[in-house]
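Next come the chains, spelled out residue by residue.
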Amino acid sequence: MTINHKSKFGKSSLSLAVSIALSGTLLSSQAFAAEEEAVSEKVEKIAVIGSRSAPRSVGESPVPIDIISSDDLKKNGSTDMIDMLVTSVPSFNSRAQPISDAATLVRPVNLRGLPSDSTLLLVNGKRRHRASVIAFQGGGVNDGAQGPDISVIPSAALKQVEVLRDGAAAQYGSDAIAGVMNFVLKDSAEGGSISVSQGEYYEGDGAATTIDGNIGLPLTDDGFINLSAQYKTADSTSRSVQRPDAANLIAQGNTYVNDPAQVWGNPELKDDYTVFINAGFDINDKHSIYAFGNVSSREAIGGFYYRNPHNRGLVYSNDDGENLLVGDVGLATNGVASCNSKVPIPKVTRPDGTVVDGNVLETDAYKAMVADPNCFSMNQVRPGGYTPQFAGTIDDMSFFAGVKGEIAEWDYDASAGTGSNKATFSLRNSLNPSMGLDTPTDFETGAYEQVETTVNLDFSRLFDVFDGLNFASGFEYREESFEITQGEEASWVAGPYAEQGFNIGSHGFKGFGPESAGKNDRSNIAVYTDVEAYIGDRWLLGAALRYEDFSTFGDTLNYKITAQFSATDDLAFRASHSTGFRAPTVGQENVVNTQTSIVNGDLIQSYIAPPTDPLAAFYGGEVLKPEESINYALGAVYQSGDFFLTVDYYNIEVTGRIAQSSRIEVEAKDYDALRAAGVEFPELISAVTYYTNDFDTTTQGVDIVGSYDTELFAGDTKFSLAYGWTDTSVDKFNEETTDPGKVRRLEDGIPAHRGTLTWGQNWDDLSMNLRANYFGEYYATHADDTSDWGSEMADSAVTFDLEVSYTVMDSLTFSVGANNIFDQEAQKLKDGTLGELGAVYYESGPFDYNGGYYYGKINYRF
C-alpha cells in the first residue's frame, strides 16, 4: 500500500511503501527503510511509534518522539545502552548501583520521573519481557521496580532507537505510563562492521574491553538475515577509604581486617555476551514473514557491607550489642548446656573505662572461651569480620516470529513470541551463623526467573474519509510467570544454633528455602481500537481505546486522545490526554528476599515478604491493585530549514502507586502472635517490608529538544540540545508504611533539571563530538538510608565528554575520547558521614562517581 499526503512542514510529500504491523506494534524496520545507510542525519527521520497510522517524521507526530541513530549512540565511551540513552533523551535518568543487592546486576532507569517499570520496552515493535531482577534498593524512584533489562541490547544490533515520551497505555497496554522505547534492529542484507574498544578510569581501574560486530546476509533475493554480537568485560572500581571501625580494629592489633574492609565501586563484569538475529522474507508481493530474537548472558560480582567482628548483631554479638554472642554446643546437640564460659565477653575497655571496638581476640575471656570445646563464637571463622560478595549471572533470551501482509485491502500482522530472564545468585565470603563452626563460606542462594509469552493479531486500513482516516484494531494475549528456585540447603537452613540467637541462612542474602520456592503466573487478554485522521490541511486528530482483562485482579478500560494543529508551514501545536494503568508484576506480588540496609548509619536486616504472607499481612499487607494514571501533555514544534525545536509540557497523576514499604520493626510484643500466624523464629527478624499501593503522586515537567545544522570551520556542523525539567510531588502516602525520608527521596532524589548540549563537527575524514552535561541539584542519600544521618541537598554539576574520530580508506575509523574529560568530582558525603562506612561520594548521584574515563575505539565497515 502506498500512502501519500501533504507534509505539514515544508509542503513536501511523504510517500512510503509500508505494511502496517500492529500489535502494540510498530512497523518492521524493513518496511520503511530499504537500507541502513539511507537513514542519515541529512534526511528526515521517520518514526511509527506512538501511532498506528503511516510512519511520519518526528516533527509531524502529535506526541513527542526522539529518534537516536546507531551512530549517535556510539559517540560515547560507555558501551552500556543505558549510558548511551542518558546523554540523548531528556528526562531519562539512571545512576550507579554499588552495594544494592540485585539492582547491581540490572540497573534501573527512569523516564519522566517515573520508575523503570512504567516505561514499556519494544524490540521491532514487539513487547519485550521484563527482567527477573527487582530493584529492592532503587534510589527512591525505583524502589521495588521490576523493569526491563536495557543493558542486554547492544548498539551494534540497532538501526535506531525511538523514544515516545507520552503516556501510551491505551495503545500498548500496561507499563506505558511514562512512555515507550522501541529498539529497531538492523535489517540490511549485506555489509557489516566489527569494532573493538578499550578504556579505563583516570584512577587506573575499571578497565573495560568491548568487541562487537554485525553482518547482513541475503536470504535468497527476497529476504535477509542480519546477525549482531557483542562481548565485553570490565574490572571493578573502588572509590573507598578505610572505615573508622575497621581502622580502629587494626590499630588495636587485629591483623585479619582487610584494607579497605568495604569497597564502594562498580562491580566486576565477566563474560558479558549477547547475540541478536533479525530476519525477514517476502513470500510474494502481499505477504511476508519475519523473525528476531536474542541469547545473552553476563556475570557480575559486587560488594556488600562490612560485618564488624565484635558488634554485628545475631552473628558476633548478642541483642544489646555489648557482649559477644557465644554458642553452646551441648545445648544445641542434646539440650543440656555444656559451655563453661559463664562470664560475658565485653567490648575492650580502655583504662579510663570507655568502651571501644578493640581486639577482642587478645582478651583472656575470649581465649578461655575458645579453649573450651563446648563453646564457640563466629570470630573463630572470621576473626577480622567479613564483607560478603554478591554475585549473579543473568541469562536472557527471546524469540518472536510472525507473518504480515494485505488481505482485501486490510493490512494484517499476526505474531507470537516468548522471552525469559533468569538471575542466578550466589554469595561469597559469608556465613550461616546458625550452623556454628560448620558453616560454609560460599553459597548458591537460588534464582529468579521471569518468562513472558505474547500473541498478537492486528488489522488496519486506510479509508478515503476526510483527508485520510486510518482505522486499526487488534487482539493481544499475554502470559507471564515469576519463579523462585530454591538455593542450596546451607543458604537457608535454620541450623542448630538458631535457638540461641544466631542468624539463619547465608548472612547478607539469605538463600531461598522450600517455603519461598515456586512458580506463580498470570494471563491477560486485550482488545484495542485506534483511529487517526487528517481533517483538512491543518488538523490531525486521533483516538485510542483499549480493554484488558487480567486473571488475577480484573479488567481495565483506558483511552487516549491526540491532536495536532499546523498553525503555519513551520509551526505546529500538539496535545494529548490519556488514562493509563500499570499492573503489579507477578514478581512484586510474590517475591521473597532478605535485605541488609542502612538506618541511621547502622546495618539492619529486613525480610521482604509477599504482601499476603502471614508476616506482611500481620503488619498491614494487602493484595496489590493496579496503578492508575491520568496524563496531560501540551507542546509545540517549530521547523524551519536546518533549525528544529520541540517544547513539551506533561503532567502525570498516578494513584495507588506500587512501591516497597519502609522497614517495619518486628517488635518483641508481637512474637507470640506471629508464631501463631505461622512465622518461624520471629525473634531473628529485625524488620519486614512488602509491596503496597502506597503513594499518590503528581509528576510534571518540560522537555526541550532542538537541533541546528550549519557550516563552521570548513565543515558540517550540528548543534543538539536535550533538556528536561521534572518535578514530582507526593500527594498522599501511608504514614504507617512509609517514612518521610523515603518521600523526600521520591520527590527530590533525581535532579529537577537535566540537560545536554552537543556539538558535532565533520570534515572529510575527521570528525569531533563534544558534549556538555548539566545535572541540577538533587537530594543525596548515603546508600539506601532515608534518615537525616546521611543526606543533604547536593550541588549541581557540569561534565564534558569529547570524542575525535579519523577515517582511513573509507572503511577503517580510529576514535579516541573521554567521558567527564575534566574529571568533575562527584558530590562528597557531608561532614559526619564522610568515610563513615568506607565511602567518599554519594552513590545516589546522577553521574558516574568514578570520575573521568578515557577510551579508544577501532571500527571497520565492510
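In this numbering scheme, every chain counts its residues from 1 along its sequence in written order. Reporting of local features is limited, given that this is a predicted model, to residues whose pLDDT is at least 70; pairs of side-chain atoms are given and counted only at 80 or more, and all residues count toward the totals for whole chains, interfaces and linings. Calculation of side-chain values draws on the structure's entire complement of heavy atoms; hydrogens and water are dropped beforehand.

Draft legend 1. Region of interest: the overall build of the chain. Each helix is a run of DSSP H or I of at least 4 residues and each strand a run of E of at least 2, with the numbering of both proceeding from the N terminus. Counting secondary structure elements, the chain contains 11 helices and 43 strands. Residues classed as buried in the chain amount to 60% of the 862 residues present. Throughout, a contact is declared for two residues whenever any of their heavy atoms are within 4.5 Å. Contacts in the chain between residues far apart in sequence, at least 24 positions, make up 71% of those at least 6 positions apart. Residue-level accessible areas treat just the shown protein chains as cover; the underlying method is Shrake-Rupley with a 1.4 Å probe. Looking at the chain as shown, the accessible area adds up to about 31,700 Å², and 54% of this sits on carbon and sulfur atoms. Only protein chains enter the accessibility calculation, which uses a 1.4 Å probe; a residue whose area is less than 20% of its type maximum is buried, one above 50% is exposed, and one in between is partly exposed.

Draft legend 2. Quick look at the state of the cysteines. Two cysteine sulfur atoms form a disulfide, by the criterion used here, when they sit within 2.5 Å. Following the criterion strictly, the structure yields one disulfide and no others. Disulfide partner of C339: C375, at an S-S distance of 1.9 Å. Between C339 and C375, the S-S dihedral sits near 115 degrees, and the bridge is therefore right-handed. Placement of the pair is C339 in the loop between α6 (329-333) and β18 (348-349) and C375 in strand β20 (residues 375-376), with a sequence separation of 36 residues. Owing to a relative accessible area of 6%, C339 belongs among the buried residues under this scheme. Using a relative accessible area of 4% as the deciding quantity, one classes C375 as buried.

Draft legend 3. The arrangement of the packing of aromatic side chains in detail. When the centres of two rings from Phe, Tyr and Trp lie within 6.5 Å, Trp using its six-membered ring, the rings pair. Their planes under 30 degrees apart give stacked, over 60 give edge-to-face, and anything left gives tilted. What the rule picks out here adds up to 31 aromatic pairs. Measuring from ring centre to ring centre gives 5.3 Å for F425 and Y448, while their planes differ by 85 degrees; the resulting arrangement is edge-to-face. Pair noted here: F425 is in strand β22 (residues 410-428) and Y448 is in strand β23 (residues 443-463), with a separation of 23 residues, a long-range link. The same class applies to F425 as to Y448, namely buried. Among the aromatic side chains, those forming a connected cluster through ring pairs are F304, F390, F425, Y448, F482, F509 and F512. The lysine or arginine in question, R112, covers the ring of Y650, its NZ or CZ lying 4.6 Å from the ring centre. Geometrically, a charge over a ring is one whose NZ (Lys) or CZ (Arg) sits within 6 Å of the ring centre while staying within 35 degrees of the ring normal. Taking NZ or CZ as reference, R239 lies 5.8 Å from the ring centre of Y201, over its face.

Draft legend 4. Main features of the sheet that holds strand β5 (residues 65-69). Strand order in the open sheet formed by five strands is β5-β10-β11-β8-β9, with mixed pairing between adjacent strands. In this open sheet, the two edge strands, each paired with only one partner strand, are β5 and β9 (126-127). For two strands to pair, DSSP has to find at least two bridges joining them. As paired elements, strand β8 (residues 119-123) and β9 share two bridges and run antiparallel to each other. When the sheet's bridge partners are listed, V123 is paired in β9 with K126.

Draft legend 5. Broad picture of the nonpolar core. Only buried residues count toward a nonpolar core. Its members are Ala, Val, Leu, Ile, Met, Phe, Trp, Tyr and Cys residues joined through side-chain atoms within 4.5 Å. Grouped together as the largest cluster of nonpolar side chains are 43 residues, with contacts concentrated most on F425, Y448, V591, L615, Y619 and Y691. Of all the secondary-structure elements, those providing two or more residues to this core are β21 (389-407), β22, β24 (469-485), β30 (602-608), α9 (614-618) and β43 (853-861). Among the elements that line this core, the one with the most residues is β22, at three residues. If we skip the residues at most four places from it in the chain, Y619 touches I664, E665, V666, E667, D670, L674, V688 and Y690. In terms of nonpolar packing, the next biggest core, distinct from the first, is built from 33 residues, F92, L121, F292 and Y650 among them.

Draft legend 6. Seen up close, the side chain of T387. When you line up the elements, T387 lands in the loop between β20 and β21. Nitrogen and oxygen atoms within 3.5 Å of one another constitute a polar contact, given that in protein one can donate a hydrogen and the other can accept it, and given that sequence-neighbouring residues count only through two side-chain atoms. Among the polar contacts made by the side chain of T387, one reaches the main-chain carbonyl oxygen of A261 at a distance of 2.5 Å. Every residue in contact with T387, bar those within four places of it in the chain, is listed here: A261, Q262, F304, Y305, Y306 and N429.

Draft legend 7. Spatial organisation of the pattern of salt bridges. A pairing counts as a salt bridge when a side-chain nitrogen of Lys or Arg comes within 4 Å of a carboxyl oxygen of Asp or Glu. Enumeration according to the criterion identifies 37 salt bridges in this entry. Notably, a salt bridge pairs D187 with K159, separated by 3.1 Å at the nearest N-O pair. Here D187, found in the loop between β11 (179-185) and β12 (192-201), pairs with K159, found in strand β10 (residues 158-164); they are 28 residues apart in sequence, far enough to count as distant. Residues D187 and K159 agree in their burial class; the two are buried. The closest approach of N and O atoms between E299 and R428, which form a salt bridge, is 3.3 Å. Here R428 lies in strand β22 and E299 lies in strand β16 (residues 287-303), a separation of 129 residues in the sequence. For E299, a relative accessible area of 17% corresponds to the buried category. By relative accessible area, which is 28% here, R428 ends up partly exposed.

Draft legend 8. Up close: the environment of I301. Here I301 lies in strand β16. A C-alpha to C-alpha distance of 6.7 Å links I301 and L269, two positions 32 residues apart in sequence. Not counting residues up to four positions away in its chain, the partners in contact with I301 are P267, E268, K270, Q389, F390, A391 and R428.

Draft legend 9. Structural context of the environment of D212. Within the secondary structure layout, D212 lies in strand β13 (residues 208-218). In contact with D212, other than residues within four places in its own chain, are A156, S193, I194, S195, A229 and Q230.

Draft legend 10. Local environment of unusual backbone geometry. A cis amide bond links D259 to the next residue, P260, at an omega of 0 degrees. Structurally, P260 can be placed in the loop between α5 (244-251) and β15 (268-282). The phi dihedral of N820 falls on the positive side, at around 55 degrees, and the residue is not glycine. With respect to the helices, strands and loops of the structure, N820 is situated in the loop between β42 (812-819) and β43. Of note, the phi angle at D823 is positive, near 55 degrees, even though the residue is not glycine. Here D823 lies in the loop between β42 and β43. Here D823 falls in the partly exposed class, since its relative accessible area comes to 34%.

Draft legend 11. Summary view of the side chain of S195. Within the secondary structure, S195 is located in strand β12. There is a polar contact of 2.5 Å between the side chain of S195 and the side chain of D212. For S195, the residues in contact, after removing those within four places along its chain, are T210, I211, D212, I858 and N859.

Draft legend 12. Just α5, in detail. For α5, the set of buried residues is D245, A246 and L249. Along α5, the residues classed as buried sweep out an arc of 100 degrees about the axis, all on the same side. Directly after α5, the chain includes G253, whose backbone phi takes a positive value near 105 degrees. Picture the helix axis, draw a direction to every C-beta atom, and the arc is the one those directions span.

Draft legend 13. Looking closely at the pairing of strand β25 (residues 518-535). The pairing of β24 with β25 spans 16 bridges and is antiparallel. The residue of β25 that forms the bridge with S473 is T529. Bridge count for β25 against strand β26 (residues 539-550) is 12 bridges, and the pairing is antiparallel. Counterpart to A533 in the pairing with β26 is L541. Once β25 ends, the chain turns through three residues before running back antiparallel as β26, passing G536 with a positive phi of about 75 degrees.

Draft legend 14. Highlighting the confidence of the model for the chain. The score called pLDDT rates the predictor's confidence residue by residue, from a low of 0 to a high of 100. In this model, the chain carries an average pLDDT of 87, and 90% of its residues clear a pLDDT of 70 or more. Segment residues 1-44: pLDDT under 50, and 141 contacts once partners within four positions in sequence are set aside and those in other chains are kept.

Draft legend 15. Expanded view of a negative patch on the surface. The patches described consist of residues with a relative accessible area above 30% and no salt bridge, like charges being joined within 9 Å and nonpolar side chains (Val, Leu, Ile, Met, Phe, Trp, Tyr) within 5 Å. Charge assignment: positive for Lys and Arg, negative for Asp and Glu; neither His nor the chain ends contribute. For charged residues, the charge sits on one atom: NZ in Lys, CZ in Arg, CG in Asp, CD in Glu. Negative charge collects at one region of the surface, where D221, D222, D282 and D285 lie side by side. Among the structural elements, D222 can be located in the loop between β13 and β14 (223-234).

Draft legend 16. Summary view of the pairing of strand β28 (residues 571-582). Within β28, nine of the 12 residues are buried, leaving the element largely enclosed by the surrounding structure. Relative to β28, strand β27 (residues 554-566) is paired through seven bridges, and the arrangement is antiparallel. Bridging across to β28, T562 finds its partner in S576. Hairpin geometry of β27 and β28 is characterised by an intervening segment of four residues between the two adjacent antiparallel strands. Inspection of the sheet shows β28 paired to strand β31 (residues 627-640) by 12 bridges, in the antiparallel sense. When the bridges of β31 are listed, F573 appears paired with A636.

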